[in-house]
Number of protein chains: 2
Amino acid sequence: METKQTHLRLKTPLRCIVKLGGAAITSKNEFEKINEENLVTVSLQLRQAMMSSGSSAESVLEMDWSKRPGISDALNKVDDFKEQEQQVLDFNSFVVIHGAGSFGHFQASKSGVHRGGLDRPLVKAGFVATRISVTSLNLEIVRALAREGIPSVAMSPFSCGWSTRDRNIESADVSTVVDALDSGFVPVLHGDAVLDESLGCTILSGDVIISHLAAELKPEFVVFLTDVFGVYDRPPSEPNAVLLREIAVREDGSWSVVNPTFGDTDKQVEISVASHDTTGGMVTKISEAAMIAKLGIDVYIVKAATEHSLAALSGKLREKIPEDWLGTVIRYVS
Amino acid sequence: METKQTHLRLKTPLRCIVKLGGAAITSKNEFEKINEENLVTVSLQLRQAMMSSGSSAESVLEMDWSKRPGISDALNKVDDFKEQEQQVLDFNSFVVIHGAGSFGHFQASKSGVHRGGLDRPLVKAGFVATRISVTSLNLEIVRALAREGIPSVAMSPFSCGWSTRDRNIESADVSTVVDALDSGFVPVLHGDAVLDESLGCTILSGDVIISHLAAELKPEFVVFLTDVFGVYDRPPSEPNAVLLREIAVREDGSWSVVNPTFGDTDKQVEISVASHDTTGGMVTKISEAAMIAKLGIDVYIVKAATEHSLAALSGKLREKIPEDWLGTVIRYVS
C-alpha cells in the first residue's frame, strides 16, 4: 500500500475523528434532502466540543461569507473579525467525515459504480453523477460548520488522490490532511467514488476512510453520529431491540457484547441494511469500529444532536460513562 | 520543488488545457453570480471540441443526476444510458481550469489571504470563506459540463495537495490529474486558497496552475477563454484599442507583437487590473502564456462563447489561422 509518510507526524495530537452518518444529516428517504435541523445542532455541538476550555464561546465568528437567500449582510461578516482581531482561535483538532445518506447513493447504485467498469458509459456517468451529488452535500456541511466558526476545509478523497485496489485502500495521501490540521483547519472528508486499480472504480465508504485515518493519525477517540441511539441486538425498529452499551474487542479483532450481559455470549447482532446503501450498513460499521478500537482508540456510536452525542464529542466519557448515557462504546480489552 | 513523478506519462497525449476565465463565466460586477448563458455555451463548445470526429453528436448523455429546481425527471437520466449502453464515449482529452470571477475574490481580498498569516483569525476565516466560494463555483461548472455529457470531475488544488512557498508552486501532485485523465475523465481545477510554506497561506491563481500543468502534461495547445476578443495594446474599452493578433515568444522568454506590425516593436501592452483581482490581470496572463508558448505549445486567448472560441477549442487553428478569426495567438519562434 502506497501511503506517503512524508509529514505524518502531527504538530498537536489529534483529539477526535467524527463521522456524521448519512442517516443523521440527511433525510434518507427523500432524494438529496439535508436534515437542516440536525446539521445545525451537530455543527453547534462540534463547535462546543472543539473549543478549548479557556476559549470564549460568546461570539461566533462566521466563516461562510457567501451570498445566502434571505440574508443580505453576508458581506459584513468580515467586519466581525476586525473587531475580534486579537482573539486567537483555539480549537481541539478534529477531523470530520460524513456519509452520503440520500446524496450519491441513488446515483451510485443505479449505475453500479461500486462494481467498477469505467469503460461502460453508464458507470462512467454514474461516477460523475455520484461525485457531483456527494460533493454538493460536502459543500453544505463545510458551510454549516463554517457558520459556527469552525475553520472547515473540504478534502474530497478522490481529489486527494485516494484510490483502491479490489475495494481496499491502495493509495491515500494522508499528508494533505496532516498539513491542513497543522495549519489549524478542520478537514472535512466524505464517502466518495474513487479509482480502483483492478476494477476501474468503486465506492470508498466514509467508514473505511475513518478506519484508515484513525490508524494513521491516532486520535484520542472516534465518534460515529447516527440516527439511532447506538448499536442494537436487532433492527432498532423492532419492539424488543436492546441497545448494546459496551462491546469489547480482543487482540485478534473479534468482539463481544459485555453490557448488557446476555446468556449467549458472542451473540450475533442482527443488522438491517437499506437496499440503496451501497457501502454496507451496521456490519461494516461494527467491524470498522472494532479495528479502530483494537488500536486502543475508544469508539462511541451515538445518536446525533442529543445530549448523548455532546457528551461523546466532549471526550468526557473517556474517564467515566454515566449510567444515563445512551450509546454504544466499543473498546479494546487486553 | 516536490513534484511527484510516479505516473506522469499519460496513456493518451493531452489534447488541450482550457482556462475558463472568471470574467467569462461569472458576472464580475455582481457578487457570486454565474453567467449562465455563457457557461452553457462554453460547455456546449467544449463538448463539440472534445468529441472525436467519428463520434455521434446527436444525443447528449447527461451526467448530472441531481435534483434540480423545476426539473422532475433528473432521476430518469440514468435510463438514457441503458438505451445507449453500447455507445463508447470517445473524447479528446481536455483539462479545464477556471478562475474565480465574482466568486472568492471578495473573500480573499477582504481578508488578505494572498498575503498569508494564518495565525490571524481574519485570514484563517478568509481562507475558509474563499474556499467555500470558489468550490461552490467549481461545483456549478462541473455540473454544467456534466449536463453536456462531459465526464467532468472536480479536483480542487488545495485538496489535491497543491502548495506554494513564497507564492511559487512548491508541491503539486499532478499524478492525481494524470490518473483521472487516464481513466477518461475531464479534471476541473480552479484558482484556490492554498497553504504556503513560508507565508502560511496564499492564493494560487488558475493561470499559474495552467502554466504548471502545461509544462508537466504537454498538451497540444492551450486556450484562454475570456470576456474580450483577446489581448489589446491598451484597455479594450478605449476607442483606439488594437487587438494583438499574434505574439511571438523567443528562446529567452521575451515576447513581441508580430501582427499587427507596429512601428515601435516590443511595444509594452497597457493593462487594466480590476482592483479586486488579487491574482493579477493581463500581465500575469501574458507572461504565463509566454512561458507556455516557450515549450512549443500554441496559446490562444479568445472571447468565450463565440465562433472564435469554438475555432480555437477545435484545434483547427493549429494548421492555419483564418483572416477573419478574432483572438490572440501566442507562439514560440526559434
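About the cut-offs
- Residues numbered from 1 in each chain as written.
- Chains lettered and ligands numbered in written order.
- Predicted model: local features only at pLDDT ≥ 70, side-chain atom pairs only at ≥ 80, totals over all residues.
- Heavy atoms only, no water.
- Helix = DSSP H or I, 4+ residues; strand = E, 2+ residues; numbered from the N terminus.
- Buried < 20%, exposed > 50% of the residue type's maximum accessible area, 1.4 Å probe, protein only.
- Polar contact = N/O pair within 3.5 Å; in protein donor to acceptor, adjacent residues only side chain to side chain.
- Contact = heavy atoms within 4.5 Å.
- UniProt positions renumbered as here; feature names shortened; annotations may be inferred.
- Pairing = 2+ DSSP bridges.
- Axes fitted to C-alpha atoms, helices over the stretch in contact; angles between N-to-C directions.
- Salt bridge = Lys/Arg side-chain N within 4 Å of Asp/Glu carboxyl O.
- Least-squares fit on C-alpha atoms with pLDDT ≥ 70 in both.
- Buried area = accessible area lost by both parts, 1.4 Å probe.
- Parallel < 35°, antiparallel > 145°, perpendicular 65-115°, else oblique.
- Left-handed = near helix turned anticlockwise from the far one by under 90°.

Caption draft 1: Region of interest: the environment of Gly21 of chain A. Residue and element names in this part refer to chain A. When you line up the elements, Gly21 lands in the loop between strand S1 (16–20) and helix H1 (22–25). Given a relative accessible area of 8%, Gly21 falls into the buried group. Residues Gly21 and Thr226 lie 205 residues apart in sequence; the distance between their C-alpha atoms is 5.0 Å.

Caption draft 2: Quick look at the side chain of Asp173 of chain B. Residues and elements named next belong to chain B. Note that Asp173 resides in the loop between strand S5 (168–171) and helix H6 (175–182). Relative accessible area serves as the criterion here: at 4%, Asp173 is assigned to the buried category. Polar contacts involving the side chain of Asp173 include one to the side chain of Ser175, which spans 2.5 Å.

Caption draft 3: Expanded view of helix H6 (residues 174–182) of chain A. Of all 9 residues in H6 of chain A, 7 are buried; the element is thus mostly enclosed. Here H6 of chain A has its buried residues at Val174, Ser175, Thr176, Val177, Val178, Ala180 and Leu181 of chain A. Where H6 of chain A is buried, its residues meet strand S2 (94–98), strand S3 (152–154), strand S6 (186–190) and helix H7 (206–217) of chain A together with strand S7 (192–196) of chain B. Directly beyond the C-terminal end of H6 of chain A, a positive phi value near 90° is found at Gly184 of chain A.

Caption draft 4: Expanded view of the UniProt feature "binding site: substrate" (unreviewed entry) in chain A. All names here are of chain A. According to UniProt, the feature "binding site: substrate" (unreviewed entry) maps to Ala100, His105 and Gly206 in the numbering used here. In three dimensions, the annotated residues from a span of 107 residues occupy one location, with a maximal C-alpha spread of 12.6 Å. The residue His105 is located in helix H4 (residues 105–111) in this model. Within polar-contact distance, the side chain of His105 engages the backbone oxygen of Gly101 at 2.9 Å. Locating Gly206 in the fold gives a position in helix H7. Take Gly206: its relative accessible area is 6%, and that puts it in the buried class.

Caption draft 5: Looking closely at the sheet that holds strand S9 (residues 221–226) of chain A. Residue and element names in this part refer to chain A. The 9 strands lie next to each other as S3-S6-S2-S1-S9-S14-S15-S12-S13, forming an open sheet whose pairing is mixed. Of all strands in the sheet, those with a lone pairing partner are S3 and strand S13 (255–259), marking the two edges. Each neighbouring strand pair of the sheet contributes to a mean axis angle of 20°, computed without reference to strand direction. Across the sheet, H7 is in contact with S1, S2, S6 and S9; its angle to S2 comes to roughly 160°. Across the face of the sheet, helix H9 (residues 307–314) comes into contact with S1, S2, S9 and strand S14 (298–303) while running at roughly 160° to S9.

Caption draft 6: A look at the pattern of salt bridges. All names here are of chain A. Under the counting rule described, the total for this entry stands at 26 salt bridges over all chains. The partner of Asp64 in a salt bridge is Arg143, with the nearest N and O atoms 3.2 Å apart. With Asp64 in the loop between helix H2 (36–50) and helix H3 (77–83) and Arg143 in helix H5 (residues 121–147), this residue pair connects regions lying 79 residues apart in the sequence. Looking at Arg143, the relative accessible area reads 10%, which means it is buried. Taken together, the shared-partner salt bridges connect Asp64, Glu140, Arg143 and Arg147 into one network.

Caption draft 7: Main features of the relation of the copies chain B and chain A. Note on the copies: chain B fits chain A at an RMSD of 0.1 Å, the axial shift is 0.0 Å, and the rotation between them is 180°. Expressed as an axis order, the relation between the two copies is that of a two-fold axis. If distances are taken from each C-alpha of chain B to the rotation axis, the shortest is found for Cys160 of chain B, at 2.3 Å.

Caption draft 8: Structural context of the interface of chain B and chain A. Taken together, the contacts link 59 residues of chain B with 59 residues of chain A. Note on chain B versus chain A: buried area summed over both sides is about 5,100 Å², and carbon and sulfur give 69% of it. The largest contributions to the chain B side of the interface with chain A come from Trp65, Pro121 and Ile132 of chain B, which together make up 13% of the buried area. At the junction of chain B with chain A, the criterion picks out 0 salt bridges. Our enumeration of links across chain B and chain A arrives at 16 residue pairs in polar contact (both at pLDDT 80 or more).

Caption draft 9: Here's a closer look at the packing of helix H2 (residues 36–50) of chain B against helix H5 (residues 121–147) of chain B. All names here are of chain B. Two elements in contact, H2 and H5, have axes whose closest approach is 9 Å; the angle formed by their N-to-C orientations is 50°. Comparing the axis directions of H2 and H5 gives the class oblique. In this structure, H2 meets H5 at a crossing whose hand is right-handed. Of H5, the residues touching H2 (which contributes Leu39, Ser43 and Leu46) are Glu140, Ile141, Ala144 and Leu145.

Caption draft 10: Seen up close, the pairing of S9 of chain A. All names here are of chain A. Burial analysis of S9 places 6 of its 6 residues in the buried class, the great majority of the element. Residues Phe221, Val223 and Leu225 point to one face of S9 and Val222, Phe224 and Thr226 to the other, with burial holding for every one of them. Two elements, S1 and S9, share 5 bridges in a ladder whose sense is parallel. In the strand pairing of S9, Val18 is matched with Val223. Examined bridge by bridge, S9 and S14 share 6 bridges and lie parallel to one another. Its bridge partner lying in S14, Val222 is registered against Val299.

Caption draft 11: How the structure looks around the side chain of Asp192 of chain B. Considering the arrangement of structural elements, one finds Asp192 of chain B in strand S7. In contact with Asp192 of chain B, not counting residues within four places along its chain, are Arg131, Val134, Ser156, Pro157, Phe158, Thr202, Ile203 and Leu204 of chain B.

Caption draft 12: Seen up close, the sheet that holds strand S2 (residues 94–98) of chain B. All names here are of chain B. With mixed pairing, the 9 strands of this open sheet are ordered in space as S3-S6-S2-S1-S9-S14-S15-S12-S13. Edge strands, defined here as strands with exactly one partner in the open sheet, are strand S3 (152–154) and strand S13 (255–259). Within this sheet the neighbouring strands show an average axis-to-axis angle of 20°, counted without direction. The sheet strands contacting H6 are S2, S3 and strand S6 (186–190), and the helix crosses S6 at an angle near 145°. Of the strands in this sheet, strand S1 (16–20), S2, strand S9 (221–226) and strand S14 (298–303) touch helix H9 (residues 307–314), which is tilted by about 160° from S9.

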